Amino acid sequence: MKNTHSLNTPKLSGNFDKTLLQRVAREFGTPLYVYDFDRIQEKYEQLKVAFGGRKTMICYALKANSNLSVIKKLASLESGADCVSLGEIKRAILAGIPKYKMIYSGVGKQEFEIKEALKIGILFINVESKEEMLLVESCAKKLGIPARISVRVNPDIDPQTHPYISTGLKENKFGVSIEEAKGMYLLAHQSKYLEPIGIHFHIGSQLTKLKPIAESAQKIAQLTHSLLALKIDIKFFDIGGGIGITYSDEATINPYDYAQAVLGELHGLDLTIICEPGRFIVGNSGIFLTKVLYQKEHQSKRFVIVDGAMNDLIRPSLYNAYHQIISLVESQSVSPADVVGPICESGDYLGKNVSLPPLQNGDLLAILSAGAYGFSMASNYNTRPRCAEVAIENGQIRLIRKRESIEDLVALEKDYL
Ligand SMILES: *Cc1c(COP(=O)(O)O)cnc(C)c1O
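Residues numbered from 1 in each chain as written. Predicted model: local features only at pLDDT ≥ 70, side-chain atom pairs only at ≥ 80, totals over all residues. Heavy atoms only, no water.

(A) Seen up close, the packing of helix α7 (residues 178-190) against helix α8 (residues 211-229). Closest axis-to-axis distance for the α7/α8 pair is 11 Å, and the angle between their directions is 30 degrees. Here α8 runs roughly parallel to α7, going by the angle between their axes. In this structure, α7 meets α8 at a crossing whose hand is right-handed. Where α7 approaches α8, its residues Ile178, Ala181, Lys182 and Tyr185 are matched on the opposing element by Lys219, Leu223, Ser226 and Leu227. (Axes fitted to C-alpha atoms, helices over the stretch in contact; angles between N-to-C directions. Helix = DSSP H or I, 4+ residues; strand = E, 2+ residues; numbered from the N terminus. Parallel < 35°, antiparallel > 145°, perpendicular 65-115°, else oblique. Left-handed = near helix turned anticlockwise from the far one by under 90°. Contact = heavy atoms within 4.5 Å.)

Set out below in C-alpha cells:
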C-alpha cells in the first residue's frame, strides 16, 4: 500500500465507461457507489473453475460488501456465505443463501447469536477459542440441537500484508494454536452436543503471495490427518479468504495457482474445500463516484475538495490504502493534487498526489477498486447520510440502495427529545 500516484495510467474497464458513469451520476447523484455485477459473476466463476473437479464451496465473505442485491447475485450463482455477525446471517437469509451454505466466524460471538445460528441450522459455527466452544456446547444442550463446528486454527504464519489486516500470526487475536486446537477437537469429539466437522484458517486479507497460504494449508492438512486418525470426522477444509486484488500495479495471486497451491497440500484427504473470498469477488467490481466541490492551492499544494469523504470510503484514512482516482473529463495536462472530503479531520482524504487534469467544480472523479470494504465500512460521521448504491448488469442500471436521508439518521433519537 502506498500513498503516491502510480506511474501506469489507471483505466476504466468492464461495464464502466466515462459516458455511462456521467449518466449514472446525473440520474442518482453523488457521492455514489456503482457496481459491475457482470464482473462480480466473472470473479466468482474464475474461482469456481480454478478449483475445478474438487468438491468446493465458495462462501462469499459478506463483510466485504453486504448489500442485499450483491448477496442475491452471488446466491444466484450458488455461492454460500461466510458471516461474522447475526446481522450478516439475516442478510444472507434475506438474499436467498440456503442455510446449509452458511458459516459463522468471529472472535466475539454472543450467546443469543450462537443460539439463533443453531436454531436457523447453518452449516457450522467456526469457533475461535475454547471458551467459545464451551458456550456453543451449552447453547446446543439447552436447545437440544447438536452444534456442527469447526475450529479456527491460527497457523502462526506471516501473511506479508498490512498489519491491520493480518490475522494469522500468534500475536493476532484470531483462532487458537495447533496444539490447543487438538485438545479442543478431542473434547468436542467426546461431547454429545458438538459435531466437529470442519477445520478452518484465515491468515489475513489482501494477500499477494502464495507461499504463506500454501504453508498454512500444509500445517492445517497435517493437523487434519492426525484428527482423522483419531476418528474425528472432518469433512470441510476451510481455507478462509484473503486473495488480494490489484489496487495500483501490484502483482496478485492467480486463482488457478491459488487452487493448485492448496490442492497440492491435500493429498490423501477427501474433503470439501471451502473458501471465503470477499475482496477478490467485489473489490475491482465497484467504483466510488464523487463530485468536485471546490479547489484551492496552499503554497504550491493543490487540493481538490469533493463531496465524498472518509465516512463513505475509509480505507485511505484507516489503512493508508491506495485507490486509483481518475477524472471523467479528458485532458492531456495533469498535475498532482490531494483529493479530500468535507469532514473535519485532516485524515479525511481519498487520495494524495493524484495526477489530475485541470478541473471545473461539478466535474466527476471515479475512485477505482472500491467495491470491497467501501460501503460496508461507511458510517454517518459528521451526520452525513450514507450514499446510494447502483448496479450495472447486462447493460441495465438499477438502484440497489437508496441514499439515506437526514430523517433516517435522527429516526432513533427524535422520540427522546
Ligand atoms: C474478512 C474475512 C474473509 C474475507 O476476507 P477477504 O480478504 O475480503 O477475502 C474471509 N474469512 C474470514 C473469517 C474473514 O474474517
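(B) Here's a closer look at the site of the ligand. By nearness alone, 15 residues border the ligand, and Lys63, Ser205, Gly242, Glu276 and Tyr373 come closest of all. Within the side chain of Ser205, a nitrogen or oxygen atom sits 2.3 Å from an oxygen atom of the ligand. In the environment of the ligand, a nitrogen atom lies 2.5 Å from a nitrogen or oxygen atom belonging to the side chain of Glu276. With the chains in place, 94% of the 390 Å² that the ligand exposes on its own is no longer accessible. (Near = heavy atom within 4 Å. Polar contact = N/O pair within 3.5 Å; in protein donor to acceptor, adjacent residues only side chain to side chain. Areas by Shrake-Rupley, 256 points an atom, 1.4 Å probe, with all protein chains shown as cover.)

(C) Quick look at the packing of aromatic side chains. Summed over the entire model, instances satisfying the criterion amount to six aromatic pairs. Measuring from centroid to centroid gives 6.1 Å for Tyr33 and Tyr35, while their planes differ by 20 degrees, and the two rings are stacked. For the pair formed by Tyr33 and Tyr35, the shared burial category is buried. An aromatic cluster is present here, built from Tyr33, Tyr35, Phe288 and Phe375 joined pairwise through their rings. (Phe/Tyr/Trp six-rings, centres within 6.5 Å; stacked < 30°, edge-to-face > 60°. Buried < 20%, exposed > 50% of the residue type's maximum accessible area, 1.4 Å probe, protein only.)

(D) Fine view of the confidence of the model for the chain. Summarising the model, the chain shows a mean pLDDT of 94, and 97% of its residues fall at 70 or more. With pLDDT under 50 throughout, residues 1-7 is counted as low confidence; its partners more than four residues away or in other chains account for 26 contacts. (pLDDT = per-residue confidence, 0-100.)

(E) Quick peek at the sheet that holds strand β6 (residues 147-152). The eight strands lie next to each other as β2-β3-β4-β5-β6-β7-β8-β9, forming a closed barrel whose pairing is parallel. Sheet twist, expressed as the mean angle between neighbouring strand axes with direction ignored, is 30 degrees. In this structure, strand β3 (residues 80-83) lies alongside strand β4 (residues 102-104), joined through three bridges in parallel fashion. Residue pairing in the sheet places Asp82 in a bridge with Ile103 of β4. (Pairing = 2+ DSSP bridges.)

(F) Examining the pattern of salt bridges more closely. Within this structure, the stated rule accounts for 15 salt bridges. For Glu128, the salt bridge is made with Arg152, and the minimal N-O distance between the two is 3.1 Å. Residue Glu128 is located in the loop between β5 (124-127) and α6 (130-143), and its partner Arg152 is located in strand β6; the two are separated by 24 residues in the primary sequence. Overall, Glu128 belongs to the buried group, its relative accessible area being 3%. For the salt bridge of Arg386 with Glu404, the shortest nitrogen-to-oxygen distance reads 2.8 Å. (Salt bridge = Lys/Arg side-chain N within 4 Å of Asp/Glu carboxyl O.)

(G) Highlighting the side chain of Thr30. Inspection of the secondary structure puts Thr30 in the loop between α1 (18-28) and β1 (32-36). Here Asp307 takes part through its side chain, which lies 2.5 Å from a polar atom of the side chain of Thr30. Look past the residues within four positions of Thr30 in its chain and what remains in contact with it is Ala25, Leu289, Thr290, Lys291, Asp307, Leu364 and Arg403.

(H) Structural view of the packing of helix α2 (residues 37-50) against helix α9 (residues 255-263). Interaxial distance between α2 and α9 falls to 8 Å at its minimum, and their mutual angle equals 35 degrees. By crossing handedness, the relation of α2 to α9 is classed as right-handed. Counting all contacts with α2, which are made through Gln46, Leu47 and Ala50, the residues of α9 involved are Pro255, Tyr256, Tyr258 and Ala259. Looking at the contact of α2 with α9 residue by residue, the classes come out as six nonpolar, one polar and no charged. (Nonpolar A, V, L, I, M, F, W, Y, C, P; charged D, E, K, R; others polar.)

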